[in-house]
Amino acid sequence: MSVSNTLRLLAGAASLALLSGLPAGAQEAQPEESARKLNTVTVTAQRRDESIQDVPLAVTAADAETIAELRISNVENISLLTPSISFRKTNFSASSSNIQIRGIGTTGNARTFEGAVGVFIDGVYRTRSGQALSNFLDIENLQVLRGPQGTLFGKNTSAGALLLSSTKPTIGEYNGFFEASFGNYAAHTLKAGVNMPLADNLALRVAGIFDEADGFFDNPNGGTLNDSQRDGIKAQLLWEPTTDLSVRLIADVASQDDNCCYGTTDSFDGPLQGFVDLLTVQNGLIPPSDDPGDFEAVVSTATPNKVDDEGLTLQVDWDVWGGTLKSVTAVREYDVFQTQDGDFSGADVLILDETFNSEFFSQELTFSGELTGAVNANYVLGAYYSDEDLNMTRDIFWGAQGQTFWDVVLGAEGIPAGFSDASEGLVAAEIMGGTSESIALFTHWDFALNDQWNLILGARYSDDEKTGFFYNDYYHSLMDPLALLGISPGPSYDQSFSDDAFTGTVSVQYRPNTDMMFYASYNRGYKAGGINLDQNAAGTLAQAADPSFKAETIDA
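Within every chain, residues take consecutive numbers counted from 1 along the sequence as written. Restriction of local features to residues with pLDDT of at least 70 applies here, the model being predicted, together with a cutoff of 80 or more for giving and counting side-chain atom pairs; totals for whole chains, interfaces and linings are based on all residues. Remark: hydrogens and water are excluded; side-chain values derive from all non-hydrogen atoms of the structure.

Caption draft 1: How the structure looks around the overall build of the chain. Only DSSP runs of H or I covering at least 4 residues are called helices, and only runs of E covering at least 2 are called strands; the numbering of each starts at the N terminus. Scanning the chain from N- to C-terminus turns up seven helices and 27 strands. Think of it in three bands: residues with accessible area under 20% of the maximum for their type are buried, residues over 50% are exposed, and the middle band is partly exposed, with areas taken using a 1.4 Å probe on protein chains only. Out of the 556 residues belonging to the chain, those deemed buried represent 47%. A 1.4 Å probe and the Shrake-Rupley method give the accessible areas. Residues count as covered only by the protein chains that appear here. For the chain, the accessible surface area stands at approximately 25100 Å², while carbon and sulfur atoms represent 55% of it.

In structure tokens:
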């Protein structure tokens, strides 16, 4: 049985349990607990529970109540928590989503770029920022860490990290929640969850979400553009056979079905706008208003954006040898299919179909503890391994007006009509993919020199091996306008890349009294290079280029 089907069965059982009624008061938080939450913000940025006022890191944190109050539904509106983090999404969320912290991020449509800001959900690194577009479901804690990270978490990041933790199942308690919200543009969100004890040491927690909204671009030909529909299910099983051992299995499935993101308006018209509007009329469509404030847009084809993201996470915490040994094992699959209106207009000129598939495995082992005596220190020792397989396709089509468009455009350059071949149909079938394997060892030490001073030292070694390939399975004509302009077809390639780096952190912490803390830190971050995956990554047929790109380092 697939992860998706298993979760839906669990969701059905959870819904019945929730509808059958929970014990009175099971959903009500105790006043004392609420007061403590307001007075103390606890974070795990250093792999242990600490008050945010005691952590020598630039961190912003929010609990479930704050997330709800700020209406942070997913990473798209993460800036509501702190203005130092922002999110951008352009036409293809699998490769162009971009999280930035302090203005540092990874911008571009390269399908193999790793984010400068890492997203970790329940301790598992998400290789694409677009995976954080799924609505936050049953999230207990959200933390934004600014600056390079790499000595506390499995995957190194050069600009910061976004940490999300799911609400942990509770053994011995029935509780649950239900939430419904409604807004303009026909927006509505339904969330529900239930926690059920299965035995004295076993509990199940299941939560689900359905979210839908119309787009805010009106199509003068009817309907709206950039509509969205997102739903998800998360099931967690917690087993605590002894007081020293905790095993937690998390399964999640999220899907997205949008017609995004090709409804756009122009800030000002370009020289071809009148011609494009004429083609739109000839295509039987009404052009959009030329006033950007009217929020009108037209596309010539349906632009579905379908995303499926699912995975399993196994967390094991074992108190042994005077510390805590923690294992986080994850398998994930991320699939995207999108039809793109390549000219962003009602003219039937260019259409693209693009697919993206990522299969990911990761294993992280850490041992954390505390030394007392001659040396007083909290420490973390860790090892990390990940492996990702990428497979992508892109099919390019000229529409029914492609030939007309290029006859006019090239005619302006003195090229006679009909010289190029932009006949309707398939132009190119591109196939690309690659692998990414990462191994790392890291450690982090917090030395208490006395009651006022702490010295923090961290170090990391990273080794990355990557491959990438590209080729055209079909290309229709070297008289194609893009071929005449030297843009395509691009050269085929199959290349490998390797990189390694030593990075780390040094920090000094000073507490003059119980109400104040100062710290100064230096961090060196690293983001691996790799092989770019694109039709022009290896240049053009006329001028070859190296498809690999170098690593990035940052000193903060």
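Structure's up, so let's keep going.
Caption draft 2: Structural detail: the pattern of salt bridges. By definition here, a salt bridge exists when the distance from a side-chain nitrogen of Lys or Arg to a carboxyl oxygen of Asp or Glu is within 4 Å. Inspection of the entire model under this criterion finds nine salt bridges. Between Asp-138 and Arg-205 there is a salt bridge whose closest N-O contact spans 2.6 Å. Of this pair, Asp-138 sits in the loop between strand 7 (124–126) and strand 8 (139–146) while Arg-205 sits in strand 12 (residues 202–213), and the two are 67 residues apart along the sequence. The exposure class of Asp-138 is buried, given its relative accessible area of 11%. Look at Arg-205 and you get buried, because its relative accessible area is 9%. Here Asp-464 and Lys-155 are joined by a salt bridge, their closest N and O atoms 3.8 Å apart. Taken together, the residues Asp-464 in strand 22 (residues 453–475) and Lys-155 in the loop between strand 8 and strand 9 (160–166) connect sequence positions 309 residues apart. There is no split in this pair, since Asp-464 and Lys-155 are both buried. Linked by salt bridges that have partners in common, Arg-126, Asp-252, Asp-309 and Arg-332 make up one network.

Caption draft 3: Main features of the environment of Trp-321. With respect to the secondary-structure elements, Trp-321 resides in the loop between strand 17 (305–320) and strand 18 (323–341). A C-alpha to C-alpha distance of 9.6 Å links Trp-321 and Phe-367, two positions 46 residues apart in sequence.

Caption draft 4: Up close: the state of the cysteines. Two cysteine sulfur atoms make up a disulfide if the distance between them is within 2.5 Å. In the structure shown here, the tally under the stated rule is one disulfide. Here Cys-260 connects covalently by a disulfide to Cys-261, the sulfurs 1.8 Å from one another. Given an S-S torsion of about 80 degrees, the disulfide between Cys-260 and Cys-261 has right-handed geometry. Residue Cys-260 is classed as buried on the basis of its relative accessible area, which comes to 8%.

Caption draft 5: Local environment of the confidence of the model for the chain. The pLDDT score gives, residue by residue, the confidence of the prediction method on a 0 to 100 scale. Across the chain, the average pLDDT comes to 87, with 89% of residues at or above 70. Every residue in residues 1–39 scores below 50 in pLDDT, and together they form 46 contacts with partners more than four places removed in sequence or on other chains. Throughout, a residue-residue contact means that at least one pair of heavy atoms, one from each residue, lies within 4.5 Å.

Caption draft 6: Broad picture of a nonpolar patch on the surface. Within this analysis, patches are made of residues with over 30% relative accessible area and no salt bridge. Like charges are joined at 9 Å or less; nonpolar side chains (Val, Leu, Ile, Met, Phe, Trp, Tyr) at 5 Å or less. On the surface, Leu-198, Leu-237, Leu-249, Leu-312, Leu-314, Val-331 and Phe-361 cluster together into a nonpolar patch covering about 510 Å² of accessible area. Checked against the element boundaries, Leu-198 lands in strand 11 (residues 187–199).

Caption draft 7: Quick look at the side chain of Asp-252. Along the chain, Asp-252 turns up in strand 16 (residues 245–258). At 2.8 Å, the side chain of Asp-252 forms a polar contact with the side chain of Arg-332. In protein, a polar contact requires one atom able to donate a hydrogen and another able to accept it; more generally it is a pair of N or O atoms within 3.5 Å, and residues adjacent in sequence count only if both atoms are side-chain atoms.

Caption draft 8: Representation of the packing of aromatic side chains. For Phe, Tyr and Trp, where Trp contributes only its six-membered ring, two rings pair if their centres lie within 6.5 Å, and the inter-plane angle classes them as stacked under 30 degrees, edge-to-face over 60, or tilted in between. Scanning all chains against the criterion turns up 20 aromatic pairs. Summarising the aromatic geometry, the rings of Phe-367 and Tyr-379 are spaced 6.2 Å apart at their centres and angled 40 degrees between planes, so their arrangement reads as tilted. Taken as a pair, Phe-367 in strand 19 (residues 350–371) and Tyr-379 in strand 20 (residues 377–398) lie far apart in primary sequence, twelve residues in all. A single burial state applies to Phe-367 and to Tyr-379, both of which are buried. One aromatic cluster is present, formed by Trp-318, Trp-321, Phe-367, Tyr-379, Trp-445 and Phe-447 through successive ring pairs.

Caption draft 9: Region of the structure containing helix 5 (residues 273–282). Of the residues making up helix 5, those classed as buried are Gln-273, Phe-275, Val-276, Leu-279 and Thr-280. Taken down its axis, helix 5 places every buried residue within 160 degrees of arc, on the same side. Exposed residues on helix 5 whose side chains face more than 90 degrees from its buried face are Gly-274 and Gln-282. At its buried positions, helix 5 is contacted by helix 6 (402–411). Where helix 5 terminates, the next one or two residues include Gly-284, which has phi positive at roughly 85 degrees. Note that the arc is computed from the directions linking the helix axis to the C-beta atoms.

Caption draft 10: How the structure looks around the pairing of strand 21 (residues 425–448). In this structure, strand 20 lies alongside strand 21, joined through 22 bridges in antiparallel fashion. Each residue of the ladder has a partner; that of Thr-393, found in strand 21, is Ile-431. Bridge analysis of strand 21 against strand 22 gives 21 bridges, and the strand direction is antiparallel. Bridge pairing links Glu-430 to Asn-472 in strand 22. Between strand 21 and strand 22, which pair antiparallel and follow one another directly, the connecting turn spans four residues. For two strands to be treated as a pair, DSSP must find no fewer than two bridges joining them.

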